[in-house]
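One letter stands for each residue in the lines below.
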Amino acid sequence: MRTLAITQNVTVDGAVEMLDDWFDPQGQAGADDDGLLAELHRQDEASDAFLVGRRTFEDLRGYWRDLADDTTGISDYLNRVPKYVVSRTLTTPEWEPTTVLRGIDDVAALKERPGKDVVVTGSISLCHDLVRAGLVDEYRFFTYPAVQGRGRRLFPDDLPDEVRPSRLELLGAREFAGGITLARYRVPRP
């Protein structure tokens, strides 16, 4: 079975919803003197499925698909990786290669297929559904030294106890320029 990993940019106070300007996707190139961009590419190489919700998909498509002179290499990766968008309404993705999935059952089936990691980013509502369904194997938090004071969190307050990961296993941690840190956690299975 493939690993389903949620990768999120998060503030120190736990917000994954970006309401302020604490994250700049093109700023990754300038922060790479100690490996942030190299880490992103390492994770890209370990993945062959990029999973998002419809709103995040449309935002990414609008920004990255036709971006010229991208020094980060992120647009090249997103243009070639198989993308899976969970949506009940999207019919024509207009960004190849993309497959539209209709719900969580389709995501569970994707996990069962042979392949590398399935990575989710952004897509807060989809992430909430994946956590509730018990489909998440790993969390990768890129924490930015910012306090937003508001915004949605990865783990909603109404998450039932039976699916709330009470304890995560640390797989590794790193720090990068500008005070950005990465912490990777595995969800222990009984």
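Participant: Please explain the overall build of the protein chain as it appears in this structure.
Facilitator: A tally of regular secondary structure across the protein chain gives 5 helices and 8 strands. Reading the protein chain from its N terminus to its C terminus gives the helix and strand order β-α-β-α-α-β-β-α-β-α-β-β-β. For the protein chain, whose C-alpha radius of gyration is 16 Å, the value lies close to the compact-globule estimate of 16 Å for 190 residues. For the protein chain, the spread of C-alpha atoms along the principal axes amounts to about 40 × 40 × 30 Å. Taken over 190 residues, the protein chain has a buried fraction of 45%. Excluding contacts between residues fewer than 6 apart, the proportion of contacts in the protein chain whose partners are at least 24 apart in sequence is 73%.

Participant: What am I meant to see in the environment of Leu-182 here?
Facilitator: Mapped onto the fold, Leu-182 is located in strand S8 (residues 181-186). When its relative accessible area of 3% is taken as the criterion, Leu-182 is described as buried. Separated by 103 residues in sequence, Leu-182 and Asn-79 place their C-alpha atoms 25 Å apart. Those residues within four positions of Leu-182 in sequence are excluded, and the remaining contacts are Glu-39, Gln-43, Arg-140, Phe-141, Phe-142, Gly-172, Ala-173, Arg-174 and Phe-176.

Participant: What is the right way to look at the packing of aromatic side chains in this model?
Facilitator: For any pair of aromatic rings, the description consists of the separation of the ring centres together with the inter-plane angle of the planes. Evaluated as defined, the whole model comprises 6 aromatic pairs. With a centroid separation of 4.8 Å and 80° between ring planes, the pair formed by Tyr-63 and Trp-64 is classed as edge-to-face. Taking the relative accessible area as the measure of exposure, Trp-64 reaches 5% and is therefore buried. For the pair Tyr-139 and Phe-141, a centre-to-centre distance of 5.8 Å together with 5° between the ring planes defines the contact as stacked. Following the ring pairs from residue to residue traces out a cluster consisting of Tyr-139, Phe-141, Phe-155 and Tyr-185. Its end group placed over the ring of Trp-95, Lys-83 keeps NZ or CZ at 4.7 Å from the ring centre.

Participant: What's the story with unusual backbone geometry in this structure? I'm lost.
Facilitator: If a residue is not glycine, its phi is most likely negative; likewise, a peptide bond is most likely trans. Pro-97 follows Glu-96 through a cis peptide bond whose omega is -10°. Checked against the element boundaries, Pro-97 lands in the loop between strand S3 (83-86) and strand S4 (98-101). Phi at Asp-69 is positive, roughly 60°, even though this residue is not glycine. By secondary structure assignment, the location of Asp-69 is in the loop between helix H2 (54-64) and helix H3 (74-80). When its relative accessible area of 73% is taken as the criterion, Asp-69 is described as exposed. A positive phi angle is found at Ser-123, which is not glycine, with a value near 50°.

Participant: Quick question: what am I supposed to make of helix H4 (residues 104-112) here?
Facilitator: Within the span of H4, buried status applies to Val-107, Leu-110 and Lys-111. Burial along H4 is one-sided: seen end-on, the buried residues are contained in an arc of 100°. Facing away from the buried side of H4, by more than 90 degrees, are the exposed residues Asp-105 and Glu-112. Contacts made by the buried residues of H4 are with strand S1 (4-11), strand S2 (47-53), S3, S4, strand S5 (117-121) and helix H5 (124-132).

Participant: Got a minute to help me understand the pairing of strand S7 (residues 169-175) in this structure?
Facilitator: Two faces, one strand: in a regular strand the side chains alternate between the faces of the sheet. Bridge count between S7 and S8: 6 bridges; the pairing is antiparallel. Bridging across to S8, Ala-173 finds its partner in Ala-183. Once S7 ends, the chain turns through 5 residues before running back antiparallel as S8, passing Gly-178 with a positive phi of about 75°.

Participant: I tried to follow the environment of Glu-138 on my own but got confused; where do I start?
Facilitator: Relative to the helices and strands, Glu-138 resides in strand S6 (residues 138-144). Taking relative accessible area as the criterion, Glu-138 reaches 8% and is therefore assigned buried. It is 6.4 Å that separates the C-alpha atoms of Glu-138 and Ile-6, two residues lying 132 residues apart in sequence. There is a polar contact of 3.0 Å between the side chain of Glu-138 and the side chain of Arg-184.

Rules used throughout
Residues numbered from 1 in each chain as written. Predicted model: local features only at pLDDT ≥ 70, side-chain atom pairs only at ≥ 80, totals over all residues. Heavy atoms only, no water. Helix = DSSP H or I, 4+ residues; strand = E, 2+ residues; numbered from the N terminus. Rg over C-alpha atoms; globule rule 2.2 N^0.38 Å. Buried < 20%, exposed > 50% of the residue type's maximum accessible area, 1.4 Å probe, protein only. Contact = heavy atoms within 4.5 Å. Phe/Tyr/Trp six-rings, centres within 6.5 Å; stacked < 30°, edge-to-face > 60°. Lys NZ or Arg CZ within 6 Å of the ring centre and 35° of its normal. Arc of directions from axis to C-beta. Pairing = 2+ DSSP bridges. Polar contact = N/O pair within 3.5 Å; in protein donor to acceptor, adjacent residues only side chain to side chain.

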